[in-house]
Amino acid sequence: MARKFIIHIQWILPSVILFVKSITSDIRFPDITSIATKHAISHETMYAVYPNLLQLDMSNQTGFEFPVDQVLLIHDELSRFVCNNCGIHSIYQLSLSKLPQLTHLIMENNSLRYVHPDAFEYNTRMEKISLAGNQLSTFNSEATIRHIAGLAMLDLSWNERFDLNKVELQGTRMFFFTCNHCHTTFLDRNTLARMPRLSQLYLSHNGMERIDDDALMMAKYVKILNVDGNRGLLRLNLKSVSLMKLSAERCSLEGTLHTSKLPLLEYINVRANRITRVNEHGFMQNTNIKVVLLDDNLITKVPTVLLELPLNGLKQLCLDRNPLQPCPRIDEAKTLYSTRSLRKGCLDDGNHLTKFENYLPNVSGHAVYKKMTIHHLSSDGMTVDLSNRAIVYIEPDYVIDDQNVTEVLFDNNHSFDFKPYRVFLNSSRVERMSLMNCSITEIYEPTFKELPNLKSIHLQGNNIKSIDSNSLFTSNPGITFLSLSHNNLEFIAAQSFQTLENLEILHLDWNDRLSNKANTPFLLSTSLRKLSCIHCRFEWLDHMTLARLPNLLELNLENNHIARLDADVLQWTTQLKYLNLRHNHLVAFEPNINQLSHLKTLCLAGSPNFDLEHNKNMDLLDNIQKMMQLDKDCQDEKFSEKLVGLYIKRNKAKHETIDVPKVEHIRLQKFETSSAVLYTSNVAVLVLIGLVRHLKGVVLKLIFL
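Below or above, wherever it landed, is the structure these notes cover. (Residues numbered from 1 in each chain as written. Predicted model: local features only at pLDDT ≥ 70, side-chain atom pairs only at ≥ 80, totals over all residues. Heavy atoms only, no water.)

### Details of the overall build of the protein
The secondary structure content of the protein amounts to eight helices and 40 strands. Burial analysis of the protein (705 residues in total) assigns 50% to the buried set. Partitioning the contacts of the protein with sequence separation of at least 6, the portion at a separation of at least 24 is 56%. Taken as a whole, the protein presents about 32900 Å² of accessible surface, with 50% of it coming from carbon and sulfur. (Helix = DSSP H or I, 4+ residues; strand = E, 2+ residues; numbered from the N terminus. Buried < 20%, exposed > 50% of the residue type's maximum accessible area, 1.4 Å probe, protein only. Contact = heavy atoms within 4.5 Å. Areas by Shrake-Rupley, 256 points an atom, 1.4 Å probe, with all protein chains shown as cover.)

Next up, the structure:
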């Protein structure tokens, strides 16, 4: 009866491949050298009809196991046996004993727990064994595998309980040993003593806590050592006369990196550790060094190896994601770094904004990074205080992991400025930001882009000259308060805050070059309620100045240079309740006071050129009572007091000789802020009224509070 197989046939001519689905056991196939089958081996002579078979692959047969006390297969030529993802749990003494030409055994991702000590006694030509992804710990009760003197490559990776120090491997020709994701806890000079020809050793992600300085002294040919991911490894100061490539990425190495005892070293990778400095004298002895990967450590100083050491062979140097600090020669270092094209394959290659040579400033001060925090945190964990720290650079992700932080104080960092094309901070929780008294010269479109929950910004005391874009705050729709006081503002584009639909309060005080343009709205905002521009340079308010601020409630333009106020300047601000025009250059108040019923406070005192005799001020004289009510909450002197004085003076001069038969009693309100002075004025008014009682035909009618 014919047996059916799915086989891969490779003829002697390697370029000719064909697939055969059905064969009979009576036919011999002397030219077939490779078979991939979906059928398990059922008896030891199963492939005798393929006398030249070199490779047999029966992977993915999850129910297949080696027979106990019986050979697996008899074949004189088979050199490669592959059974990945099978169900094999043991290799017995006889299993492979009839495969004398076997050189490669690949049995990955099985359930292997046991390998007989003499399992390879008759496989004298064995070169490579891969048992990765199994459940081996010590092979067997004797903790050894014999008869592997000629073995060159052994891969035991992902046997998570395997400890190299608990077994004996007599591999005198072994040059390649891999046991990544195993459980080796240390390396000393005895660990590798039985593998004297070892050249490449891979022990990443083990439980390594210690590697002795002389661990490689018995392995005099080791060229590559990889111990990545051993999180318990704190120290590494190896001696080796042969090591050329060392990788210890994502360990926990601390302190100083030493390389002086590795004279042939060409490549070193110690990314993602806690290294704080580099022993630069060690590099002087590493004249072969080509690649140094120091990304993501705690190095604060750019190694002067860039500037002083004759490392002509150095091709790659990576320093990204270190808390590097400014230094006097940083510009020289960055220039040389770029000139020699040392950036290759570094962690921040993809984003030029995060490359240290592009952001690290040369000014005196500190750079601040998440991995070395220096801030004060409030007791409730909601406020990060970075004020008064001489900060010149802050990592954008500095507070990204602090989910409770809603406020950042960054005041009085006198040398700090925003960087073009770079976000200031990244946080989805921060609501309040204070950057007072820094050296900020400009706000850029990305500056606040990663602060979507921002509601309040204090930027007082900086050097900002203009706000000329409506896209500066497009990512911050919740902003309700913005202060740009005490800057050097000369220009604000009318539409700058148009997208801030929740902005209610805007402070622009003490920008003494900031003015408005004639016949042009100063700002466009339907949400703004309070606008303050004290000590600015407004000179003329016309009918368009406030036209696009329909919901303005308070306007403070004290101490400006306003000389003219058009009659219809307030026609659009029908909600305005507070208007402060103290200490300007006004001659007249042209708006009709009777049409400003919504106004509750009006401050006009302190304009030295104000002409009370001007015909445009007659409405004020005719509404003294209302003016007294409007400026009762104004500070210092009251404009209404001057109106009363003028009124009395004019009427005294006009009616000095006219007899008035009867004058109603006048009672003037005393103001809290100048009660004594005003009270004296009231008495004088009553006396003057008594002197003119004989005047006839004049009726004075004042309504008092």
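### Observations regarding the state of the cysteines
As enumerated under the stated definition, the model contains five disulfides in all. One disulfide in the model links Cys83 with Cys86; its S-S distance is 2.2 Å. Because the sign of the S-S torsion sets the handedness, a value of about -100 degrees for the bond joining Cys83 and Cys86 places this disulfide among the left-handed ones. Accessibility classification places Cys83 together with Cys86 in one group, the buried group. The residue that forms a disulfide with Cys603 is Cys634, at a sulfur-sulfur distance of 1.9 Å. The disulfide joining Cys603 to Cys634 has a torsion of about -95 degrees about its S-S bond and is therefore left-handed. (Disulfide = S-S within 2.5 Å.)

### Side note on the sheet that holds strand S28 (residues 407–409)
Reading across from one edge, S25-S26-S28-S29-S30-S32-S34-S35-S37-S39-S40 is the order of the eleven strands in this open sheet, with mixed pairing throughout. Both edges of this open sheet fall to strand S25 (376–377) and strand S40 (601–603), since each of them pairs with a single strand only. Inspection of the sheet shows strand S34 (residues 505–507) paired to strand S35 (residues 530–532) by three bridges, in the parallel sense. The partner of His507 across the bridge, within S35, is Ser532. (Pairing = 2+ DSSP bridges.)

### With respect to the environment of Ser378
Position of Ser378 relative to the elements: it lies in the loop between S25 and strand S26 (383–385). With 27 residues separating them along the chain, Ser378 and Val405 place their C-alpha atoms 9.3 Å apart.

### Details of the packing of aromatic side chains
Considering all chains together, one arrives at 20 aromatic pairs under this definition. A ring pair is formed by Phe29 and Tyr50, whose centres lie 5.5 Å apart and whose planes are at 20 degrees; its orientation type is stacked. Residue Phe29 is found in the loop between strand S2 (17–20) and strand S3 (34–36), and its partner Tyr50 is found in the loop between S3 and strand S4 (55–57); the two are separated by 21 residues along the sequence. The same class applies to Phe29 as to Tyr50, namely buried. Judged by centre distance (6.1 Å) and plane angle (15 degrees), the rings of Phe448 and Phe473 are stacked. Of this pair, Phe448 sits in the loop between strand S29 (432–434) and strand S30 (456–458) while Phe473 sits in the loop between strand S31 (466–467) and strand S32 (481–483); the two residues are 25 residues apart in sequence, bridging distant segments of the chain. The exposure classification of Phe448 matches that of Phe473, with both residues buried. Members of the aromatic cluster, connected to one another through ring pairs, are Phe410, Phe416, Phe418, Phe424, Phe448, Phe473 and Phe497. (Phe/Tyr/Trp six-rings, centres within 6.5 Å; stacked < 30°, edge-to-face > 60°.)

### Observations regarding the side chain of Ser240
When you line up the elements, Ser240 lands in the loop between strand S17 (224–226) and strand S18 (245–247). We classify Ser240 as buried; its relative accessible area is 3%. Side-chain polar atoms of Ser240 contact the backbone nitrogen of Ser242, separated by 3.2 Å. Once you skip the residues sitting within four places of it in the chain, Ser240 turns out to touch Leu216, Val222, Lys261, Leu262 and Pro263. (Polar contact = N/O pair within 3.5 Å; in protein donor to acceptor, adjacent residues only side chain to side chain.)

### Thoughts on the environment of His116
Relative to the assigned elements, His116 resides in the loop between strand S8 (114–115) and strand S9 (128–130). What makes His116 buried here is its relative accessible area of 18%. For the pair His116 and Gln93, spaced 23 residues apart in sequence, the C-alpha separation works out to 5.5 Å. In contact with His116, other than residues within four places in its own chain, are Ile91, Tyr92, Gln93 and Asn140. Side-chain polar atoms of His116 contact the backbone nitrogen of Asp118, separated by 2.9 Å.

### Examining unusual backbone geometry
One non-glycine residue with positive phi stands out, namely Asn85, at about 60 degrees. Inspection of the secondary structure assignment puts Asn85 in the loop between strand S5 (80–82) and strand S6 (90–91). Its identity is not glycine, yet Arg321 carries a phi of approximately 60 degrees, on the positive side. Looking at the element boundaries, Arg321 is found in the loop between strand S23 (316–318) and helix H3 (330–339).

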